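Descriptive analysis of the structure
Here is what each chain is made of, one letter per residue.
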Amino acid sequence: MAVVVALVCALIFSVSSLGNALSSNYYDKTCPNAEAAIADAVEKAFANDNKVPAAILRMHFHDCFIRGCDGSVLLKSVGQNTAEKDGPPNVSLHAFYVIDNAKKAVEALCPGVVSCADILALAARDAVVLAGGPTWNVPKGRKDGRVSKAIETRSLPGPAFNILQLQQSFSQRGLSMEDLVALSGGHTLGFSHCSSFEKRIRNFNATHDIDPTMHPSFASACVAFVQQRTG
Ligand code: HEM
């Protein structure tokens, strides 16, 4: 888990807006209490809902993979533009209210200073810590993006991707196979809807009910899980 979460930093560095020099003390003079306010907002949300850490970690990943860690996943669809938030892989993202609350708290302290992209990156770190994971330093100074297009969420890795497709998706963002393996450990937290993997364990194809490329014990665990859920 330590390696996994440490590599979230690699994710942040690799896919954050290129050209921006991030720094650990970015808000020290302009908004010294921002980090505490964000941690407080995440803690309050977690006290009411223990699913919050998984939600925020996945939100951060989905933000970073499209246009870098620029907060574009937080933008709402407006007029003719359907935003990332409403793209198919993102409709199951949840707990956006946590970032809204953190932003409100930070704005009350120092209006117009801290980017939403930084708030999301910090909240993801705080959420993992609350869930029992390790902490890491989050360099700050990300700029908020203004472009958010649902169509671009097609380039998020899908649940049916094979290892080559996953590797390609990560390498396009400057992430290695080691990063892929470690970051996949983000799934230590949270849950998946059956729809994400059901196709592989039921009526897979004409000759196999279960996808033969799945590890047999993993496949039977999935079958048992789905049977339990559907009765
Ligand atoms: C390697 C490529 C990845 C694929 C194909 C993938 C796919 C998925 C899928 C299909 C779900 C279930 C969504 C649902 O049913 O609602 C999920 C959940 C999740 N993913 Fe990933 N993911 C990947 C990488 C990551 C990374 C890098 C992280 C963070 C470091 C991450 C964090 C999470 C978390 C925390 C959840 C649970 C969300 C919740 O319970 O609300 N994933 N992922």
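Where an unreviewed UniProt entry is consulted, the protein appears under the name peroxidase, with the organism given as Stephania japonica. The record held by UniProt for the protein lists under Sequence similarities (unreviewed entry) the comment "Belongs to the peroxidase family. Ascorbate peroxidase subfamily." In UniProt, the protein has this text filed under Catalytic activity (unreviewed entry): "2 a phenolic donor + H2O2 = 2 a phenolic radical donor + 2 H2O".

So, on to the nonpolar core. I38, I56, M59, I99 and V106 are the most contacted members of the largest nonpolar core, which totals 36 residues. Of all elements in the fold, only α2 (34-48), α3 (52-65), α4 (96-109) and α5 (116-130) reach the threshold of two or more residues within this core. Of all the elements, α5 adds the most residues to this core, at 8 residues. When sequence neighbours within four positions are dropped, the list of residues in contact with V106 reads C31, A34, A37, I38, V114 and I119.

This paragraph deals with the environment of F197. With respect to the helices and strands, the residue F197 is situated in the loop between α7 (177-184) and α8 (216-230). For the pair F197 and C222, spaced 25 residues apart in sequence, the C-alpha separation works out to 8.4 Å. F197 has contacts with S192, C222, F225 and V226, leaving out every residue within four places of it along the chain.

Let us look at the coordination of the iron atom of the ligand. Inspection of the coordination sphere of the iron atom of the ligand shows a single protein donor, H187 (NE2), at 2.1 Å. Summarising the element assignment, H187 is placed in the loop between α7 and α8.

Take the environment of M177 next. One can find M177 in helix α7. Residues M177 and P157, 20 residues apart in the sequence, show an inter-C-alpha distance of 14 Å. Beyond its immediate sequence surroundings of up to four residues, M177 is in contact with I163 and Q167.

Time to look at the packing of α4 against α5. Contact geometry for α4 and α5: axes closest at 10 Å, N-to-C directions at 120°. In this structure, α4 crosses over α5, and the sense of that crossing is right-handed. For the pair formed by α4 and α5, the contact residues are I99, A102, K103 and V106 on the first element and C116, I119, L120 and A123 on the second. Tallied by class, residues from the contact of α4 with α5 come to 7 nonpolar, no polar and 1 charged.

To continue, consider the site of the ligand. Taken together, 23 residues surround the ligand, and among them H94, H187, G190, F191 and H193 come closest. The contact in question runs from a nitrogen atom of the ligand to an N or O atom on the side chain of H187, over 2.8 Å. For the ligand, an oxygen atom lies 2.6 Å from a polar atom in the backbone of H193. Breaking the shell around the ligand down by element, the ones donating at least two residues are α3, α6 (163-171) and α7.

Quick look at the state of the cysteines now. Under the definition given, this model contains 2 disulfides. Two residues, C31 and C110, share a disulfide whose sulfurs are 1.7 Å apart. One end of the pair, C31, is in the loop between α1 (2-15) and α2; the other, C110, is in the loop between α4 and α5, and 79 residues separate them in sequence. Each member of the pair C31 and C110 is classed as buried. Each sulfur of the disulfide joining C64 and C69 lies 2.2 Å from the other.

Cut-offs used in this document
- Residues numbered from 1 in each chain as written.
- Predicted model: local features only at pLDDT ≥ 70, side-chain atom pairs only at ≥ 80, totals over all residues.
- Heavy atoms only, no water.
- UniProt positions renumbered as here; feature names shortened; annotations may be inferred.
- Core = buried A, V, L, I, M, F, W, Y, C linked by side-chain atoms within 4.5 Å.
- Buried < 20%, exposed > 50% of the residue type's maximum accessible area, 1.4 Å probe, protein only.
- Helix = DSSP H or I, 4+ residues; strand = E, 2+ residues; numbered from the N terminus.
- Contact = heavy atoms within 4.5 Å.
- Donors = N, O, S within 2.8 Å, 3.2 Å for Na, K, Ca; no water.
- Axes fitted to C-alpha atoms, helices over the stretch in contact; angles between N-to-C directions.
- Left-handed = near helix turned anticlockwise from the far one by under 90°.
- Nonpolar A, V, L, I, M, F, W, Y, C, P; charged D, E, K, R; others polar.
- Near = heavy atom within 4 Å.
- Polar contact = N/O pair within 3.5 Å; in protein donor to acceptor, adjacent residues only side chain to side chain.
- Disulfide = S-S within 2.5 Å.

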